[in-house]
Amino acid sequence: TDAIKDSATFIVFGASGDLAKKKTFPALFGLYRKDLLPRGVHIVGYARTKMDTEEYHRRITQYIKRDNDPSFDFKLEEFKNLSSYVSGGYEDSESFRRLNARLEEIEEGYGTSNRIFYLALPPSVFVPVAKHASQECYSRGINRIIVEKPFGKDFQTCRELLNDLKKYWTEEETYRIDHYLGKEMVKNLLVLRFANVAMNAAWDKNSISNVQITFKEPFGTEGRGGYFDEFGIIRDVQQNHLLQVLSILTMERPVSFSSEDIRDEKVKVLRAIPPVKAEDTLLGQYVAFNGKPGYLDDDTVPKDSKCPTFSASVLWINNPRWEGVPFILKAGKALNEAKVEVRIQFKDVTQGIFADISRNELVVRIQPEEAVYLKLNAKSPGYAFRAIPTEMDLTYKRRFTDSAIPEAYEVLILDALKGDHSNFVRDDELDAAWKIFTPILHWIDGERPKPDSYPYGSRGPERLDAFIEQYGYKRTQE
Ligand code: BG6
């Protein structure tokens, strides 16, 4: 696939929505100020809201967090000058013809017209916008479309959506974001695994007892309850972000680092995972605590909602490398801390030589404070011969003091410009991921089992520790 080099126009659909505000515009600006966008870049916001350029620029200013960089104001001014706005409907050709006319005007003077259509939209308008963008706004240069979850609500609806989108955009033109794939430590998994013999040798059921992939957020669904209640934590985080991490963590070594070789291996391992069983799942929902509201206190949430805001699900991989190793995916809102990590717990040392000694654990902390550390036992320094738990610690901010870790969305937008699909989700990956979770989701939607309550700001449902221990996890000594 060709890289877009000299000029590019980004068309951000849903320019006044949440995603554009929080992620798309800040990422575009972040790339712009680092001179990472093509020289001839333009950004066109598109949404239904009517507003003039002045108002639009005022909003962009609000979306972008000011910092102390002396060139900030200057760069922001420049960025605003490259940004314009078109308002129009999402479902009528006429609006898109107007948009196209505007794009042609902007691109006049550039030899090429490369367009990146960024859909920061609610799913109800994915298909019409994809359709009209392709029919009315397709340029003679390179055209690409960026879309982001939700990709349906289960296997079936996802497949239908993919098929609908394929009528207008080829797989090659399509960039499906799962922003976890843009995170530094998720990308680092490939290097940790495949550039280190020491890691690679211990990477299987012979050495590993259990793996936890954990996502914790210290805030609830505040303001997003309406969206969230339709989806729940499994669809919001586990089925996509955590499963992506799992697939990179467990796939076989790809033939090369080309996007298709990597994605082939991810799909293979996902297809070896049978659907999650109800008995391998623990669901929770947060309740008010310490002045913080419960999930059901959110006005946009139905009063009798059973929607899980926490879930721990255990997955098994039916292949020779991983047979019998439980992968515990935990995700929850309104917990005690913000943390995303992978925790690989190794097996016990064979009995008979040490009594009561901790297991090794390799922890990859994805955020905050990116780190890789290995918990291991060492001789306690001194005359006594005694093993004590300690760790080898690669905390990024201490080890790589002058490297800034880029924002996931910046990384992904750059990849889309380059035409590199490695960190985007292929259609068959989505199929495989949905197959793992669709039966349990249908069961939850149908049976509406009552989730365990947990207080806002706690570690999760009380049964969590016992649940995890059931799968062989042993608490290690600090
Ligand atoms: C989004 C979910 O995909 O990921 C949100 O919809 C969640 O509910 C977010 O908060 C987490 O992303 P990050 O990058 O903050 O870990």
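No experiment lies behind these values; they were computed from the predicted model shown.

Student: I'd love a proper account of the sheet that holds strand β14 (residues 387-395), names of residues and values included.
Tutor: Within the open sheet, the nine strands sit side by side as β14-β13-β12-β11-β7-β10-β9-β8-β15. Their pairing is mixed. The open sheet has two edge strands, β14 and β15 (452-455), and neither has a second partner. Strand after strand, the sheet turns through a mean of 20° between neighbouring axes, direction not considered. Across the sheet, helix α7 (residues 184-194) touches β12 (361-367) and β13 (371-379), and the angle it forms with β12 is around 145°.

Student: Which residues make up the site of the ligand, and what values do they have?
Tutor: The local shell around the ligand consists of Lys149, His179, Tyr180, Lys183, Phe215, Glu217, Arg224, Asp236, His241, Lys333 and Gln367. Contact with the protein chains covers 81% of the free accessible surface of the ligand, which is 400 Å². Here the residues of the shell around the ligand sort into two nonpolar, three polar and six charged.

Student: Could you give an account of the pattern of salt bridges, with specific residues and numbers?
Tutor: Within this structure, the stated rule accounts for 47 salt bridges. Residue Lys216 is joined to Glu337 by a salt bridge in which the shortest nitrogen-to-oxygen separation is 2.8 Å. Here Lys216, found in strand β7 (residues 208-216), pairs with Glu337, found in the loop between β10 (327-332) and β11 (339-346); they are 121 residues apart in sequence, far enough to count as distant. Using a relative accessible area of 27% as the deciding quantity, one classes Glu337 as partly exposed. In this structure, Lys397 and Glu369 form a salt bridge, with 2.5 Å as the shortest nitrogen-oxygen distance. With Lys397 in helix α11 (residues 396-399) and Glu369 in the loop between β12 and β13, this pair connects stretches of sequence that are 28 residues apart.

Student: Would you mind going over the packing of helix α1 (residues 18-33) against helix α3 (residues 72-81) in detail, with residue names and values included?
Tutor: Viewed as axis vectors pointing N to C, α1 and α3 meet at an angle of 115°, and their least axial separation amounts to 10 Å. Between α1 and α3, the interaxial angle falls into the category roughly perpendicular. The crossing of α1 and α3 is right-handed. Contacts between α1 and α3 involve Phe25, Leu28, Phe29, Tyr32 and Arg33 from the former and Phe72, Lys75, Leu76, Glu78 and Phe79 from the latter.

Student: Any chance you could break down the UniProt feature "domain: Glucose-6-phosphate dehydrogenase C-terminal" (unreviewed entry) in the chain for me, citing the residues and the numbers?
Tutor: According to UniProt, the "domain: Glucose-6-phosphate dehydrogenase C-terminal" (unreviewed entry) feature falls on residues 190-473. As annotated, residues 190-473 has a helix share of 32% and a strand share of 23%, and its two end C-alpha atoms lie 25 Å apart.

Student: Quick rundown of the UniProt feature "domain: Glucose-6-phosphate dehydrogenase NAD-binding" (unreviewed entry) in the chain? Include the residues and the values.
Tutor: Per the UniProt annotation, the sites labelled "domain: Glucose-6-phosphate dehydrogenase NAD-binding" (unreviewed entry) are residues 11-188. Helix makes up 46% of residues 11-188 and strand 17%, whereas the separation of the span's terminal C-alpha atoms amounts to 31 Å.

Student: Explain the environment of Val349 to me, using residue names and the numbers behind them.
Tutor: Within the secondary structure layout, Val349 lies in the loop between β11 and β12. Looking at Val349, the relative accessible area reads 45%, which means it is partly exposed. Considering only alpha carbons, one finds Val349 and Ser207, 142 residues apart in sequence, at a separation of 9.7 Å.

Student: Kindly report on the nonpolar core, identifying the contributing residues and their values.
Tutor: The biggest cluster of nonpolar side chains holds 141 residues, and the ones touching the most others in it are Phe13, Leu99, Leu315 and Phe437. Here this core gets ten residues from one element, more than from any other, and that element is helix α9 (residues 225-250). Aside from chain neighbours lying at most four places away, what touches Phe13 is Tyr46, Tyr90, Phe96, Leu99, Phe117, Tyr118, Leu119, Ala120, Leu121, Val129 and Ala133.

Student: Help me get a handle on helix α2 (residues 53-63), residues and values and all.
Tutor: Along an α-helix, residues three or four apart share an orientation, since each turn contains 3.6 residues. Every buried residue of α2 is listed here: Tyr56, His57, Ile60 and Tyr63. End-on, the buried residues of α2 take up no more than an arc of 115°, which puts them together on one face. Across from the buried face of α2, at angles greater than 90 degrees, the exposed residues are Glu54 and Gln62. For α2, the elements touching its buried residues are α1, β2 (40-47), α3 and β3 (83-87).

Conventions adopted
Residues numbered from 1 in each chain as written. Predicted model: local features only at pLDDT ≥ 70, side-chain atom pairs only at ≥ 80, totals over all residues. Heavy atoms only, no water. Pairing = 2+ DSSP bridges. Helix = DSSP H or I, 4+ residues; strand = E, 2+ residues; numbered from the N terminus. Axes fitted to C-alpha atoms, helices over the stretch in contact; angles between N-to-C directions. Contact = heavy atoms within 4.5 Å. Near = heavy atom within 4 Å. Areas by Shrake-Rupley, 256 points an atom, 1.4 Å probe, with all protein chains shown as cover. Nonpolar A, V, L, I, M, F, W, Y, C, P; charged D, E, K, R; others polar. Salt bridge = Lys/Arg side-chain N within 4 Å of Asp/Glu carboxyl O. Buried < 20%, exposed > 50% of the residue type's maximum accessible area, 1.4 Å probe, protein only. Parallel < 35°, antiparallel > 145°, perpendicular 65-115°, else oblique. Left-handed = near helix turned anticlockwise from the far one by under 90°. UniProt positions renumbered as here; feature names shortened; annotations may be inferred. Core = buried A, V, L, I, M, F, W, Y, C linked by side-chain atoms within 4.5 Å. Arc of directions from axis to C-beta.

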